There are 2 protein chains.
Amino acid sequence: MRMSELSRRSGVSVTTIKYYLREGLLPVGRQLSATQAEYDENHLRRLRLIRALIGVRGLSVSATREVLGALAGHTADTHRILGLTLGAIRLADEAEADSPEPAEVDALIEELGWDVHRSAPARLALADTLASLRTLGAPLDRRVLLPYARLAEETAVLDLDQLDGIEDSLEVAERALLLTVLLEPALMALRRMAQQNESARRHAGGADRADC
Amino acid sequence: MRMSELSRRSGVSVTTIKYYLREGLLPVGRQLSATQAEYDENHLRRLRLIRALIGVRGLSVSATREVLGALAGHTADTHRILGLTLGAIRLADEAEADSPEPAEVDALIEELGWDVHRSAPARLALADTLASLRTLGAPLDRRVLLPYARLAEETAVLDLDQLDGIEDSLEVAERALLLTVLLEPALMALRRMAQQNESARRHAGGADRADC
């Protein structure tokens, strides 16, 4: 296909495609003439993944190059592909945050029996939040977190189920990104609505806990 | 207590407390002399809630004033307090977003049997995300969303359980904010780690799905 069709099918503008070509994120097409090149389905898949890494996960061009390079070396290693795309493995340009009490998170993960990468940014994100809650006078202990973690396990099963049956590794990576990063606001919206429903169930009719 | 103690116990600087007093968010203390005033536990609770509304939920001063005013009129109505603080009820200065296909979200909520406020911002947030996923070529249908919504129900039960037994309405509002808005990054971090664990379980050993 020509660049105009690649643009139409990927939803990425011609200007942006040219930028990705210059940056080496997208391999050049098969040159037909001095001014025209031909692109194939591999270009389309790769372009969709680039769009998701930059536009959805918010990576820089250089971090995107790093992920694409790593993916190229592990086309059959789904676990590593997911680790790279879902942010389980820290990228070079992701700043290492101060780690407030990672021991607390380590203990939780051990109790859960989870297999989580040592340098996973999510470990620090969790430790950060626990530290913030403590600073604000609302500490959460492990006993409170555990049932949330068990629900997260069930959510992760639903997430991974959606990647089942996709053979192409670039496509696995793209769908994993869309269905995790993009799904986050939807899951938080569902939680807010569920809270409202649960609050109505418990405190309905304006009377304070009349039904409890 | 004097303002210095109010500052120490709330974690809010004296400069900021003076600003909240000028803006009318915090009622003035009992005047002891021309330059000194006395504050009580009610000031402290209210200040903690203001800090949470502005610092955690990210509200403007005028939206915070609106929430505080609404709370004052509904001190015994826990459901309404939660609605206001958790963002179930839209505030005057929260822009009404374009609502892409709310019908889809309405149908989901009906199928779930949830009691959700008509103007809840979470409805639009969910519709937005579904529209984005569709634009990106990864539409999610209701059949896929339903099990996520059921897990959100269980999460909401855990959330509301944490507010049980708190009598003071300002304190209910403050804890509800901390435990919902602030907990979001922690829940997303748990989900990422659970995904990694689930991915390891399914694709362990670097072999593509060797264990499935």
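What you see is a predicted model; the values in this text were computed from it and never measured. (Residues numbered from 1 in each chain as written. Chains lettered and ligands numbered in written order. Predicted model: local features only at pLDDT ≥ 70, side-chain atom pairs only at ≥ 80, totals over all residues. Heavy atoms only, no water.)

(A) Focus on the packing of helix α5 (residues 78-86) of chain A against helix α9 (residues 169-203) of chain A. Residue and element names in this part refer to chain A. Packing of α5 against α9 brings their axes to within 9 Å, and their N-to-C directions diverge by 45°. In terms of orientation, α5 and α9 fall into the oblique class. Considering how the two elements wind past one another, α5 and α9 form a crossing that is right-handed. On α9, the residues that touch T78, I81, L82, T85 and L86 of α5 are S169, V172, A173, A176, L177 and T180. Grouping the constituent residues of the contact of α5 with α9 by class yields 7 nonpolar, 4 polar and no charged. (Axes fitted to C-alpha atoms, helices over the stretch in contact; angles between N-to-C directions. Helix = DSSP H or I, 4+ residues; strand = E, 2+ residues; numbered from the N terminus. Parallel < 35°, antiparallel > 145°, perpendicular 65-115°, else oblique. Left-handed = near helix turned anticlockwise from the far one by under 90°. Contact = heavy atoms within 4.5 Å. Nonpolar A, V, L, I, M, F, W, Y, C, P; charged D, E, K, R; others polar.)

(B) View of empty space enclosed by the protein. A full pass over the atoms with the stated rule returns 6 cavities of 30 Å³ or more. Roughly 220 Å³ of internal volume is contained in the largest cavity. Along the wall of the largest cavity there are 16 residues; nearest its centre are T155 and M188 of chain A together with T155, L187 and M188 of chain B. Those elements that place two or more of their residues in the lining of the largest cavity are α8 (142-161) and α9 of chain A together with α8 (142-161) and α9 (169-203) of chain B. A class-by-class count of the residues in the lining of the largest cavity yields 12 nonpolar, 2 polar and 2 charged. (1 Å grid on protein atoms, 1.4 Å probe; cavity = no way out; pocket = protein on both sides within 12 Å on 5 of 7 lines; lining within 4 Å. Points joined across faces, edges and corners; volume = space filled by probe spheres on them.)

(C) Looking closely at the nonpolar core. Within the largest apolar cluster, 144 residues are counted, with the highest numbers of intra-cluster contacts made by W114, L126 and L190 of chain A together with W114, L126 and L190 of chain B. Setting aside its immediate chain neighbours within four residues, L126 of chain A contacts V105 and L108 of chain A together with A186, A189, L190 and M193 of chain B. (Core = buried A, V, L, I, M, F, W, Y, C linked by side-chain atoms within 4.5 Å. Buried < 20%, exposed > 50% of the residue type's maximum accessible area, 1.4 Å probe, protein only.)

(D) Summary view of the environment of S62 of chain B. Residue and element names in this part refer to chain B. Mapped onto the elements of the fold, S62 is located in helix α4 (residues 61-72). Judged by relative accessible area, which is 41%, S62 ranks as partly exposed. Separated by 37 residues in sequence, S62 and L25 place their C-alpha atoms 9.0 Å apart. There is a polar contact of 3.3 Å between the side chain of S62 and the side chain of S60. (Polar contact = N/O pair within 3.5 Å; in protein donor to acceptor, adjacent residues only side chain to side chain.)

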